[in-house]
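If you want the building blocks of each chain, they are given just below.
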Amino acid sequence: MDNSTVSEMPTASEEMSDETVRELLGMSEEDFNYLLNEISGKISRRDTFMRKAFTAKERLIVTLRFLATGESFMALASLYDISASSIRTIIPEVCECLIKALKRYVQFPPSEAGWLRVSEAFQDRWQFPHAIGVIDARHVKIRKPLHTDKDYLNYKGFYSIVLLAVVDASANFMYVCVGGKGSIADGGMLRNASYHSKFEHHELNVPPPAVLDEWHAVKIPYMLLGDKSFLFTEYCIRPFGGHIKPDSPESTFNYRMSQARTPAAVAFDGLCSRFKIFGTIINLQPDKAGKVVMAAVYLFNFLRRKNSTEETLGCGKGVPDSSYILPRLQSKPIKPASRLANIRLQIANYMMENRRLE
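Residues numbered from 1 in each chain as written. Predicted model: local features only at pLDDT ≥ 70, side-chain atom pairs only at ≥ 80, totals over all residues. Heavy atoms only, no water.

Draft legend 1. Spatial organisation of the overall build of the protein. Across its full length, the protein carries 13 helices and seven strands. Counting only residues that meet the buried cut, the protein has 51% of its 358 residues in that class. A separation threshold of at least 6 residues defines the contact pool for the protein, and within that pool the share at least 24 residues apart is 70%. Carbon and sulfur atoms provide 51% of the accessible area of the protein, an area that totals close to 17700 Å². (Helix = DSSP H or I, 4+ residues; strand = E, 2+ residues; numbered from the N terminus. Buried < 20%, exposed > 50% of the residue type's maximum accessible area, 1.4 Å probe, protein only. Contact = heavy atoms within 4.5 Å. Areas by Shrake-Rupley, 256 points an atom, 1.4 Å probe, with all protein chains shown as cover.)

Written as structure tokens, this is what we have:
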């Protein structure tokens, strides 16, 4: 072990504090020590002749407790004998290091084969073909920004940043983008996301369009499943709008798509259940609040990496509905291009045919 991670023997109160934080997050001692070893060298500070520096362990514990409980800086200060102003500085710094240390736990598949495995999981579990992820976005409450930037004021009337995510069939986050201003709506966050151009320019190794089966000649692209707040594009499909007749291909498609989007709801609900910070107003400026949100997502994937698929999707039961904590983006009806509309109808007809054969 690196010397920077070795500290004095913990007191009984320190051990209790460690255990409390681990219990709040459902974190093993092994996982806690792994995180500490990964970031200790980056968050340690030297003592000065004026004061003794807070240890890396203290910095990690106070940050994890903040994420787990959403307690105020003043409340944390009284618990850990660290000033509220110091905690306000420590938390974003530790979160930034956690994001870098856990980067490999939130990533898109690196190859076509990886994307095809994601698609097969959506087909097997949700009976939705050529899906490569669910895309969803929510508002996260933050304090009123300095100088009152009203771009952060959303349609619900509070200040927020937008959390955009792509989730796989087992409710794991594959991609997150945080920090869009709360006034963004109608898929605007998608256009500003870091991977937007990569999808458009085919730089993510997504498989090329392929037929649904040997009886269908039209090649269908592999696409993300969005709701009505996202634009209908070559790589993102949305449900049919308007009046839809019951027991029609369109209604079958919308039902299957609604079911296939379940992993996003499970992921967001699980995130809010484990990290109570999402039930509060994050008392930081937007850039630092974004680091807090991103760190929580990376920790979420890290902590549940050992769960089976059944346990993963079962965690949605008995969990508070995140839609009350993280409101959805506004939706807007947009008529798709005729070629995209035809692709969606081809999928709808395919689903209808298969339903009759079941």
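Having seen it, we continue.
Draft legend 2. Region of interest: the packing of helix 3 (residues 56–69) against helix 5 (residues 84–101). It is the contact of helix 3 with helix 5, at a shortest axis distance of 9 Å, that shows an interaxial angle of 90°. Taken together, the axes of helix 3 and helix 5 are roughly perpendicular relative to one another. Taking contact as the criterion, the partners of Arg 59, Leu 60, Val 62, Thr 63 and Phe 66 in helix 3 are, on helix 5, Ile 87, Ile 90, Ile 91, Glu 93, Val 94, Cys 95 and Leu 98. Across the contact of helix 3 with helix 5, the residue classes tally to nine nonpolar, one polar and two charged. (Axes fitted to C-alpha atoms, helices over the stretch in contact; angles between N-to-C directions. Parallel < 35°, antiparallel > 145°, perpendicular 65-115°, else oblique. Nonpolar A, V, L, I, M, F, W, Y, C, P; charged D, E, K, R; others polar.)

Draft legend 3. Examining the sheet that holds strand 1 (residues 131–141) more closely. What the five strands build is an open sheet, ordered 3-2-1-6-7; its pairing is mixed. Since the sheet does not close on itself, it has two edges, and those belong to strand 3 (173–181) and strand 7 (236–237), each with one partner. Of the pairings in the sheet, the one linking strand 1 to strand 2 (residues 160–167) comprises eight bridges and is antiparallel in character. Residue Arg 138 lies in a different strand from strand 2, and its bridge partner there is Leu 163. With respect to the sheet, helix 11 (residues 286–303) is in contact with strand 1, strand 2 and strand 3, its orientation differing from that of strand 3 by roughly 165°. (Pairing = 2+ DSSP bridges.)

Draft legend 4. The arrangement of the packing of helix 5 against helix 11 in detail. Contact pair helix 5 / helix 11: the axes reach a minimum separation of 8 Å and the direction vectors enclose 45°. In this view, helix 5 runs oblique relative to helix 11, as classed from their interaxial angle. Here helix 5 and helix 11 pass one another in a crossing that is left-handed. Across the interface between the two elements, Ile 91, Pro 92, Cys 95, Glu 96, Leu 98 and Ile 99 from helix 5 touch Lys 288, Lys 291, Val 292, Met 294, Ala 295, Tyr 298 and Leu 299 from helix 11. Considered class by class, the residues forming the contact of helix 5 with helix 11 number 10 nonpolar, no polar and three charged. (Left-handed = near helix turned anticlockwise from the far one by under 90°.)

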